[in-house]
Amino acid sequence: RAPAQPSTVIVSLGDNDGDSNGLRRFMQTRMCFSHIFIDENNGLICTENSGLMRFDLRISQQRQPGTLPLGMRFNTCKACALFPSESGKWGESLYRSDWNHHHDTNYCFVGGPFCDVNMVDLRMVNVVQKYRPAHLNLDSAVSVSGICVSQDCRELLVSYESDQIYTFPIFGKSPFYHNKTFLFDEEDNAPPLPELACYGGHLNRMTFLKSARYAGPNDEYICTGSDSGHAYIYEKSTGAVSAFLKADMTTCNGVVAHPRLPFFVSYGIDSTAKLWRASIPTDESVDDTLYGRSLAHRSRQYRKSPLVNDWNRIRKNLVKFQNLYEEPLEFAFPPDIMTASGGQISDAFMFGHLRRGRDSRIANDYVNLPFELQNNFLLCARAHRRSSEEPVQSSLKAMARRISNMRLHHQYFQLGLSHQKRKSLRKWEHLSDLVPDFPADWLCLDKTFSCVPSPPGPDWNKSLYWEALKVAYISNFRGKDSAGEMERDVVLCNTEYIVYNNLIQDKGGENGKSDTIDADTNSEKVLKRLLDVIALLKEGGNDALRNGNTLLAIRRYDKAILYCSIAYMSFPLGNLEFLENRQAELDNNAGHDVSWGPLIKTLIACRLNLALAMSKPGSSRDRSGTIEQCYRALEELMPFASTKGKILVGRNLDESTDAYDTIYQEAKELQAKALFRLGCAQQENGSFPAAIESLQQCIKATKEVPGKEVEKIVYRRLAEAKKQNIKKKERHRKKFKFMFGADGNSNNSDSHSG
């Protein structure tokens, strides 16, 4: 019995007629991509230079049907899938192993090295329907790498090389959804049907046959592989990533799901396939409830943001990236996008992901999903910037929206929340954890920050998608009472399913107002809204620090600095026009903020608090991080704390402007605090001369503040640093004396013996 899924076809090279060259016609094709059986004896083969070929195992090989005459564009056929034309079989799967119940198949879907997927009538050998993503054309540098048909035979799933995954309505807007009739448009000049939805954050560039398949009892999921070696399992109804598996050491080419059991098989470049099982934790001590996920997320090891670790380098790379565009980008490119791979921009794309350091573990990698999506987007942006071959042909703006959607869902899952339960947000421990982890996932989509906000959510064809989703889900396996819930969930997926505006409104007061802005709105008003978000994050860090949760405090301060970077770095603004004047001011003052106000004070306070949290004993202790934050705070204070009554301005900070003495005093007070924490960190790090200098400058800065006395702990720390420095010098002196003394004695003994 022939298998239904593509497998190896083994037949005899000879037959009763004595022909030993029967398969030569098939073997002359340069490459065979895949094949599929129509019934027990007939099948189709996708080949590189012979197009779509038919075969029949019952007849001799020299009399095989051969290539189907589909035209010159089909000289290469890369993927195909059958479509059952027998009425009454709609609920049955295409991939049954029992061919006693085979389908009467007269149609198949064919894809090649172009953007169109064609439904072909195998009887008349002509194209009866075309499918093409709306943004692609026949000149687009894409090719079909995989085709799959849903179990109810209403949707077509297509994976594109150098692009993403799309679903198409097989019958478009026809009455098929209601009466199950065939309504094909057989005119050659008929426009192709557009997609229902687009799924993707993965890359399909390194190999040419990455498949995409439905999974789940009712096709609730979509599975595929990626160049990074990860297997993606997308939730069909939302576009979110439900599972993210490190499945291959190099490239994962696809995932095959069991039709009924929760098992998956992934395959790729490695010599082994991997079998995965979706199940509850086998360890009874693991709490897999929503609350347990939240606790696990809080206790996870802190991953320092590159913006916190290397602020200046990220800023320089952003300027470099921005200067290479002659025209403004159509979307904003905030600094958090540049944090992928430390913001490096190298010349080559091919195998670029290999230089990031490969993880040798084959395991669930869901925790690192946001960072991998960020890396993929940065690779696409880099290729777009250099006008080289782009790994994703769809627009960067659309890809950014999809990635934002996936990362927000990921954050909700990690926090143990559900996007269907919006009321649970108000009961959360602290609202700072509900602020999106990446500003790019929020600010460009929120009407409170953008004059023309980008539409949130994934790329759905809203005129078709709801109808298709309702038929595929509600009518098949959901009760009528669930229809309203499904519709509400779909609305949430396409709007603000994270309640952005309510984060500040819950705090009360005028700061919670989030009226829609227009082009004439003063940018200071919008900056005030950004300040409210940063202040919320800072307050959350202070709250965690008071409660002794140092790790959580560090995460919140880190996120606050990430949001501060929006106002302190130059980047392609897109629709964030409220930052235009501020970026001009930064460019005119060597990248420094020379306006002493709440924003600069909050940034410095976040840095100093982060330095304090990093200096606390425990697993999160980071002396180098403490030193880095103190240096950054001192650099930001320099224009205000250099000369009394003056603020340094100019492109080289070689000019000055008059200022109130209170500004100088406040800056000196913060400078003294930063120098003290810097000196303490240097002392604990063993850099005693540097610690002595920092503590002495701290004392000097404190004395310049009227009414401010130097605290005793500063003198005590200075005395300890001096004492430790003397001991260190003494140890080094004895060590060198011993070394040179030993050499001298040996040399003398050698000379006497000579």
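Here, the structure is the one placed above.
Source: prediction; values computed, not measured.

1. Observations regarding the overall build of the protein chain
Alright, step 1. From N to C terminus, the protein chain includes 19 helices and 22 strands.
Alright, step 2. Expressed as a percentage of its 754 residues, the buried residues of the protein chain come to 54%.
Alright, step 3. Of the contacts formed within the protein chain by residues at least 6 apart in sequence, a portion of 63% connects residues at least 24 apart.
Alright, step 4. Of the roughly 34700 Å² of accessible surface on the protein chain, 50% is carried by carbon and sulfur atoms.

2. Observations regarding the sheet that holds strand 5 (residues 79-84)
Alright, step 1. Spatially, four strands are ordered 5-6-7-8 in an open sheet, and the strand pairing comes out antiparallel. Edge strands, defined here as strands with exactly one partner in the open sheet, are strand 5 and strand 8 (126-131). When the angles between neighbouring strand axes are averaged without regard to direction, this sheet yields 25°.
Alright, step 2. Sheet topology note: the strand 6 (residues 105-111)/strand 7 (residues 117-121) ladder contains five bridges and is antiparallel. The residue bridging glycine 111 from the neighbouring strand is valine 117, located in strand 7.

3. Digging into the side chain of glutamine 414
Alright, step 1. Tracing the backbone through its elements, the reader meets glutamine 414 in helix 8 (residues 396-414).
Alright, step 2. What makes glutamine 414 buried here is its relative accessible area of 7%.
Alright, step 3. Contact partners of glutamine 414, with chain neighbours within four places excluded, come to Arg293, Ser294, His297, Arg300, Tyr366 and Val367.

4. Some remarks on the packing of aromatic side chains
Alright, step 1. This model, assessed by the stated rule, comprises 18 aromatic pairs.
Alright, step 2. Here a set of aromatic residues connected by ring pairs shows up, and it is made of Phe83, Tyr107, Phe109, Tyr131, Tyr160, Tyr166 and Phe168.
Alright, step 3. A cation sits over an aromatic face here: arginine 303 above phenylalanine 371, 3.7 Å from the ring centre.
Alright, step 4. Residue placement shows arginine 407 over the ring face of phenylalanine 438; its charged tip is 3.9 Å from the ring centre.

5. A closer look at the environment of valine 594
Alright, step 1. Inspection of the secondary structure puts valine 594 in the loop between helix 14 (580-587) and helix 15 (598-614).
Alright, step 2. For the pair valine 594 and leucine 648, spaced 54 residues apart in sequence, the C-alpha to C-alpha distance is 7.4 Å.
Alright, step 3. Not counting the four nearest positions on each side in its chain, valine 594 is found in contact with Glu585, Asn589, Pro639, Phe640, Ile647, Leu648 and Val649.

6. Looking at the sheet that holds strand 2 (residues 42-47)
Alright, step 1. In space, the four strands of this open sheet follow the order 1-2-3-4, with antiparallel pairing throughout. The open sheet has two edge strands with one neighbour each: strand 1 (32-37) and strand 4 (66-67).
Alright, step 2. In the sheet, strand 1 pairs with strand 2 via five bridges, with the strands oriented antiparallel. Each residue of the ladder has a partner; that of phenylalanine 37, found in strand 2, is glycine 43.

7. Things to note about empty space enclosed by the protein
Alright, step 1. Considering all chains together, one arrives at eight cavities of 30 Å³ or more under this definition.
Alright, step 2. Each pocket or cavity is described by its volume, and for the largest cavity that value is around 180 Å³.
Alright, step 3. In terms of lining, the largest cavity is formed by 17 residues, of which the most central are Ala332, Ala400, Arg401, Ser404 and Ala440.
Alright, step 4. Counting only elements with at least two residues in the lining of the largest cavity, the list comes to helix 7 (369-385) and helix 8.
Alright, step 5. With six residues, the single largest contributor to the lining of the largest cavity is helix 8.
Alright, step 6. Counted by class, the lining of the largest cavity contains nine nonpolar, four polar and four charged residues.

Each value, and the rule that gives it
- Within each chain, residue numbers correspond to sequence positions counted from 1 in written order.
- Given that this is a predicted model, residues contribute local features only at a pLDDT of at least 70 and side-chain atom pairs are listed and counted only at 80 or more, while totals for whole chains, interfaces and linings are drawn from all residues.
- With hydrogens and water stripped out, all remaining heavy atoms of the structure feed into the side-chain values.
- In this description a helix means any DSSP run of H or I spanning at least four residues, a strand means any run of E spanning at least two, and both kinds are numbered starting from the N terminus.
- Remark: exposure states derive from per-residue accessible area (1.4 Å probe, protein chains only) relative to the maximum for the residue type, with buried under 20%, exposed over 50%, and partly exposed in between.
- Should any heavy atoms of two residues lie within 4.5 Å, those residues are counted as being in contact.
- Shrake-Rupley sampling with a 1.4 Å probe provides the accessible areas, and residues are treated as covered by the protein chains on show and by no other component.
- A pair of strands counts as paired when DSSP detects no fewer than two bridges linking them.
- Helix axes use the C-alpha atoms of the stretch in contact, all axes being lines fitted to C-alpha atoms, and the angles between their N-to-C directions lie in the range 0 to 180 degrees.
- Only Phe, Tyr and Trp rings are paired, with Trp represented by its six-membered ring, and only when their centres lie within 6.5 Å; those with planes under 30 degrees apart are stacked, over 60 edge-to-face, the remainder tilted.
- Geometrically, a charge over a ring is one whose NZ (Lys) or CZ (Arg) sits within 6 Å of the ring centre while staying within 35 degrees of the ring normal.
- In the cavity and pocket records, a cavity denotes points on a 1 Å grid over the protein atoms alone where a 1.4 Å probe fits but cannot get out, a pocket denotes an open set with protein on both sides within 12 Å along at least 5 of 7 lines, and lining residues are residues with an atom within 4 Å of a point.
- Grid points are joined across faces, edges and corners, and a volume is the space filled by probe spheres set on the points.
- Under the scheme applied, nonpolar residues are Ala, Val, Leu, Ile, Met, Phe, Trp, Tyr, Cys and Pro; charged residues are Asp, Glu, Lys and Arg; polar residues are all the others, including Gly.

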